[in-house]
Amino acid sequence: MTVRVRLAPSPTGTLHIGTARTAVFNWLFARRQGGQFLLRIEDTDKERSRQEYTDNILEGLAWLGLDWDGEPVIQSTRLAEHRMAIEQLLASGHAYRCYATEAELTAMREQQAAASKAPRYDNRHRDLSPEQEAAFIAEGREAVIRFRIDDDATISWTDLVRGPMRWAGSDLGGDMVVARRAPSDRIGDPLYNLVVVVDDAAMAITHVIRGEDHIANTAKQLLLYDALGLPQPVFAHTPLILNKEGRKLSKRDGVTSISDFRGMGYDAVALANYMTLLGWSPPEGMGERFTLSEAAAVFDFERVNKAGARFDWDKLNWLNGQILHALPPSELREQLLPLWAEQGWIPSAQIESDPIKPAQIAASQSQSWQQALCELIGPSLTLLADGVDQAKPFFERPELDPAARDQIGSAPAQAALAALLESLRGHGVEAPLEAEQAQQLLGAACKAADVKKGVLMKSLRAALLGSLQGPDLLSTWLLLHHDGEDLQRIERCL
Ligand code: GLU
């Protein structure tokens, strides 16, 4: 048997981290089992479904590296089959039309609440006589189609995450609506639980892997499989993602869309890695950093936890930093070029190829200079977007912040910088500068101005970066020694 799993997102919003994490577990299981990972777009809610959300969902999955097999199934194109299944349920006596009005149902629920009972449909129209039915139709009442759920039914299955599960029919809220707006001559609009069963069976889904908020649906769906004579898939209910307070992560918690994480500069590999850790514990010795393929090689449901998984920004940031730090400078540069082009620091043409000849351009536009910059700032990045902030003082001459201004204002700093400027001119403004020569220039300037090396270093940093903080000073200086940039930044401080 080939394993076939599916993700069934509703295109009523952007790709949510909960859905994406469900996708991760489906994908890992399919790849581990040599099976298939299918997509079904559940677009039956016409009012809320939008093409732009479908696009966002597909883009997000592709960006995360969750490739799917075949073309996505579009649920709304399968309406005829959904209706046929309901015809079958009506014919076999598993379903019937219910004519209860909204007002009657509300009154029923109010009575239940007053008696401290859980709200449920009381199956009042289960066994209408043809005359009663005709009378309701004559009144012009609108019908829904309900599926019989016997109170004394027991529904049990072995969940891949949660083990043996049991539900009583009496806990499912009474006979369930499977279609709305269904007058006697029409089937109307089939609803979620019914269409999911029909579609999962048609797609030959062997394992349904989804969030634990669907457990009650699973109990109902298992009854539908039986009534329709369809083979039941295996179920796995994955733990929910929780916020800091331990409640289900929701829109109110701020960033929850994959496209938002992407926009913030998170790396796809880091985010996929982090989502895998939200509910799955890697086997001993594997560590916490891995790619999806590495996880797929060992993934199983035994290591998926039952308890909810708390979302931890620090952990995600740490993972993201680790992945950026491990990138070779050439790759980091590739990733940063579009962001730098957005800032206008490099021509956007440079992203496609390197058509500009180094001789015609400023050093900062050359590949080797940019790569050296990446080597310098790479180890301190948490997000890719930090590669914009940290590169900024290398592309744009920065203002001095108050601390840098204070540092430079002192007499010894002025003397030291003036001496350094002198030796720099002696070395040649245009002449290439190597680390060793730079050290010699610093030594000579300290001697000439009679200041401690620490004073000169601190002042040089303030002059070059406009701040007392920043990456390694010598490397910073070597990078800024292009087109006389270092000289001009020192000069303006004197
Ligand atoms: N469209 C449903 C959802 O987004 C699918 C649930 C399922 O996997 O059956 O929650």
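Up top is the structure.
Each residue is numbered by its place in its chain's sequence as written, counting from 1. Totals for whole chains, interfaces and linings use all residues, but because this is a predicted model, local features are given only for residues with pLDDT of at least 70 and pairs of side-chain atoms are given and counted only at 80 or more. Neither water nor hydrogens contribute to the side-chain values; these are computed over all heavy atoms in the structure.

### Observations regarding the nonpolar core
So, point 1. In this structure, Trp340, Leu373, Leu420 and Trp477 are the most contacted members of the largest nonpolar core, which totals 51 residues.
So, point 2. Ignoring sequence-local partners within four residues, the contact set of Trp477 consists of Leu420, Leu424, Leu433, Ala438, Leu441, Leu442, Leu460, Leu464 and Asp486.
So, point 3. Throughout this description, the term nonpolar core refers to a set of buried Ala, Val, Leu, Ile, Met, Phe, Trp, Tyr and Cys residues connected via side-chain atoms within 4.5 Å. Summary of the burial criterion: residues with accessible area below 20% of their type's maximum are buried, those above 50% are exposed, and those between are partly exposed, where the area comes from a 1.4 Å probe applied to protein chains only. Ranked by size, the runner-up nonpolar core spans 48 residues in total, among them Trp63, Leu249, Leu292 and Ala309. Should any heavy atoms of two residues lie within 4.5 Å, those residues are considered in contact.

### With respect to the sheet that holds strand E1 (residues 4-7)
The strands that make up a sheet are held in pairs by hydrogen bonds between backbone atoms, and each pair lies either parallel or antiparallel.
So, point 1. For two strands to count as paired, DSSP must find a minimum of two bridges between them. Numbering of helices and strands runs from the N terminus, with a helix taken as a DSSP run of H or I at least four residues long and a strand as a DSSP run of E at least two residues long. Reading across the sheet, the three strands line up as E1-E2-E3 and stay open at both edges, with parallel pairing between neighbours. Across the chains shown, the open sheet's two edge strands, defined by having one partner strand only, are E1 and strand E3 (73-74).

### Some words on the pairing of strand E8 (residues 176-180)
So, point 1. Bridge count between strand E5 (residues 144-147) and E8: three bridges; the pairing is antiparallel. Note that in E8 the partner of Ile145 across the bridge is Ala179.
So, point 2. Taken together, the two bridges between E8 and strand E9 (residues 189-190) define a ladder with antiparallel strand orientation. The partner of Ala179 across the bridge, within E9, is Pro190.

### Let's talk about the pattern of salt bridges
So, point 1. Only one rule defines a salt bridge in this text: a Lys or Arg side-chain nitrogen within 4 Å of an Asp or Glu carboxyl oxygen. Scanning all chains against the criterion turns up 26 salt bridges.
So, point 2. Asp199 is paired through a salt bridge with Arg40; the nearest N and O atoms lie 3.8 Å apart. In this pair, Asp199 is assigned in helix H6 (residues 192-202) and Arg40 in strand E2 (residues 36-41), connecting sequence segments 159 residues apart.
So, point 3. In this structure, Glu288 engages Lys315 in a salt bridge whose closest nitrogen and oxygen atoms are separated by 2.9 Å. You can see Glu288 sitting in the loop between helix H9 (268-277) and helix H10 (292-296) and its partner Lys315 sitting in helix H11 (residues 313-325), a full 27 residues away along the chain.
So, point 4. Of the residues examined, Lys315 reaches a relative accessible area of 25% and is grouped as partly exposed.

### Here's the deal with helix H14 (residues 367-377)
So, point 1. Those residues of H14 lying buried are Trp369, Gln370, Leu373, Cys374, Leu376 and Ile377. Take H14 and look down its axis: the buried residues cluster within an arc of 160°, on one side only. Exposed positions of H14 whose direction lies more than 90 degrees from the buried face are Ser368 and Glu375. Regarding the arc, it is the one traced by the directions from the helix axis to the C-beta atoms.

### Some thoughts on the pairing of strand E11 (residues 234-238)
So, point 1. Among the five residues that make up E11, four are buried, leaving the element largely enclosed by the rest of the structure.
So, point 2. Taken together, the five bridges between strand E10 (residues 207-211) and E11 define a ladder with parallel strand orientation. Paired with His207 across the strands is Val234, a residue of E11.
So, point 3. Note on handedness: a clockwise path from strand one over the helix to strand two, with the strands aimed away from the viewer, defines a right-handed crossover. Remark: the E10/helix H7 (residues 215-228)/E11 crossover connection has right-handed handedness.

### Focus: the site of the ligand
So, point 1. For each residue, the test is whether any non-hydrogen atom lies within 4 Å of the molecule or strand; if one does, the residue is near. The ligand sits among Arg6, Ala8, Ser10, Glu42, Tyr192, Arg210 and His214.
So, point 2. Throughout this description, a polar contact denotes any pair of N or O atoms lying within 3.5 Å of each other; where both atoms belong to protein, one of them has to be capable of donating a hydrogen while the other can accept it, and for residues adjacent in sequence the pair is counted only when both atoms sit in side chains. Separating a nitrogen atom of the ligand from a backbone N or O atom of Ala8 is a distance of 2.8 Å.
So, point 3. Measuring from an oxygen atom of the ligand, one finds a side-chain N or O atom of His214 at 3.1 Å.
So, point 4. Note on areas: Shrake-Rupley with a 1.4 Å probe; residue coverage comes only from the protein chains shown. With the chains in place, 78% of the 290 Å² that the ligand exposes on its own is no longer accessible.
So, point 5. The pocket occupied by the ligand, as judged from atoms lying within 2 Å of grid points, is the second largest pocket.
So, point 6. Residues belonging to the shell around the ligand are distributed by class as follows: two nonpolar, two polar and three charged. Points on a 1 Å grid over protein atoms alone make up a cavity when a 1.4 Å probe fits among them but cannot get out, and a pocket when they form an open set with protein on both sides within 12 Å along at least five of seven lines; lining residues each have an atom within 4 Å of a point. By definition, a pocket or cavity contains a molecule when more than half of the molecule's atoms lie within 2 Å of the pocket's grid points. Each residue is assigned to one of three groups, with Ala, Val, Leu, Ile, Met, Phe, Trp, Tyr, Cys and Pro labelled nonpolar, Asp, Glu, Lys and Arg labelled charged, and all others, Gly among them, labelled polar.

### Things to note about unusual backbone geometry
So, point 1. Residue Ser116 is not a glycine yet carries a positive backbone phi of 55°.
So, point 2. With respect to the helices, strands and loops of the structure, Ser116 is situated in the loop between helix H4 (102-114) and helix H5 (130-138).
So, point 3. In this structure Ser116 comes out as exposed when scored by relative accessible area, which is 68%.
So, point 4. In this model, Asp483 sits at a positive phi of 50°, which is unusual for a non-glycine residue.
So, point 5. Looking at where Asp483 falls in the secondary structure, it is placed in the loop between helix H21 (473-480) and helix H22 (485-491).

### Comments concerning the packing of helix H17 (residues 402-409) against helix H20 (residues 453-465)
So, point 1. Orientation is described by lines fitted to C-alpha atoms, with helices fitted over the stretch in contact, and by angles between N-to-C directions that extend from 0 to 180 degrees. Relative orientation of the contacting elements H17 and H20 amounts to 135°, with a least axis distance of 9 Å. Looking at the two axes, H17 sits oblique to H20. Seen from above, H17 lies across H20 with left-handed handedness. Contact residues: H17 offers Ala404, Gln407 and Ile408, while H20 offers Val455, Lys458, Ser459, Ala462 and Ala463.
So, point 2. In the contact of H17 with H20, the residues fall into five nonpolar, two polar and one charged. Reported orientations rely on four angle classes, namely roughly parallel under 35 degrees, roughly antiparallel over 145, roughly perpendicular from 65 to 115, and oblique for the rest. Put simply, a crossing is left-handed when the front helix is turned counterclockwise from the back one by less than a right angle, and right-handed when it is turned clockwise.

### Some points on the sheet that holds strand E4 (residues 95-98)
So, point 1. Sheet architecture is open: four strands sit in the order E4-E5-E8-E9, paired in antiparallel fashion. Both outer strands of the open sheet, E4 and E9, are each paired with one neighbouring strand and no more.

### A look at the layout of surface pockets
So, point 1. Grid points are joined across faces, edges and corners, and a volume is the space filled by probe spheres set on the points. As a volume, the largest pocket reaches approximately 1200 Å³.
So, point 2. Val177, Arg180, Asp189, Pro190 and Leu191 are, among the 43 residues lining the largest pocket, the residues nearest its centre.
So, point 3. Of all the secondary-structure elements, those providing two or more residues to the lining of the largest pocket are helix H3 (79-91), H4, E5, E8, E9 and H6.
So, point 4. Here the residues of the lining of the largest pocket are counted per class, giving 16 nonpolar, nine polar and 18 charged.
So, point 5. Here the second largest pocket defines a volume of roughly 920 Å³.
So, point 6. Lining the second largest pocket are 35 residues, with His16, Gly18, Thr19, Asp213 and His214 positioned closest to its centre.
So, point 7. Counting residues per element, the ones that place at least two in the lining of the second largest pocket are E1, helix H1 (17-32), H6 and E10.
So, point 8. At four residues, H1 tops the list of elements feeding residues into the lining of the second largest pocket.
So, point 9. For the lining of the second largest pocket, a count of residues per class yields 12 nonpolar, 15 polar and eight charged.

Shape descriptors only; they carry no functional weight alone.
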